[in-house]
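Spelled out, the chains give:
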Amino acid sequence: MSELQVLVFCAVTGFVAAATVASFYQWVTSQPADFRITAYSWSALSVTALLCVAAGPFIVAQRVRAALASEGTKLVPVLFGLAVCGLWSVCAGTLFLSLLIVVSA
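We now turn to the structure provided with this report. (Residues numbered from 1 in each chain as written. Predicted model: local features only at pLDDT ≥ 70, side-chain atom pairs only at ≥ 80, totals over all residues. Heavy atoms only, no water.)

**Overview of the nonpolar core**
Note the following rule: For this analysis, a nonpolar core means a set of buried residues of the types Ala, Val, Leu, Ile, Met, Phe, Trp, Tyr and Cys, connected via side-chain atoms within 4.5 Å. Any residue under 20% of the maximum accessible area for its type is buried, any over 50% is exposed, and the rest in between are partly exposed; the area is computed with a 1.4 Å probe on protein chains only. Numbered from the N terminus, helices here are DSSP runs of H or I no shorter than four residues, and strands are runs of E no shorter than two. Contact between two residues is taken to exist if any of their heavy atoms lie within 4.5 Å; hydrogens are not considered.
Core analysis: the biggest nonpolar cluster contains five residues, these being Ala22, Ala33, Leu51, Ala55 and Ile59. In terms of residue count, helix α2 (residues 42–69) provides more of this core than any other element does, three residues in total. Setting aside residues up to four positions removed in sequence, Ala22 forms contacts with Ala33, Ala55 and Phe58.

**A few points about the packing of aromatic side chains**
The description of two aromatic rings rests on the distance between their centres and on the angle between their planes. Put simply, the rule is: Here a Phe, Tyr or Trp ring, Trp counted by its six-membered ring, pairs with any other such ring whose centre lies within 6.5 Å, and the pair is stacked when the planes are under 30 degrees apart, edge-to-face when over 60, and tilted otherwise.
For the structure on display, the rule yields three aromatic pairs. Relative to Trp27, the ring of Phe24 lies with its centre 5.7 Å away and its plane at 50°, an arrangement referred to as tilted. One end of the pair, Phe24, and the other, Trp27, are both in helix α1 (residues 3–29), three residues apart, so they sit about a helical turn from each other. By the burial criterion, Phe24 is exposed, and Trp27 matches it.

**Digging into the side chain of Thr48**
Residue placement: Thr48 occurs in helix α2. Residue contacts for Thr48: discarding those within four places in its chain leaves Arg36 and Ile37.

Structure, rendered in structure tokens:
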């Protein structure tokens, strides 16, 4: 595989994992995943931080899609949001695939 193919594979894997985590969170809580902190206990902060790390690309993609649906959205913020989503997906995919390799070895 070329380096570009590995990058795309990591990005797709990271986005799918993020969407899965966000969908599971929404299924359990009946609320969409978001970057909001709901409570200020250590356990709630830990869960919120893990949720933001794991589901972040999907949350950003949802916000970009909502921005595109509204009128008057400029192109630069949308492109920046897509870049953040893509790079975060690559990082999440690399982390997820690394964990799979460690667990399977």
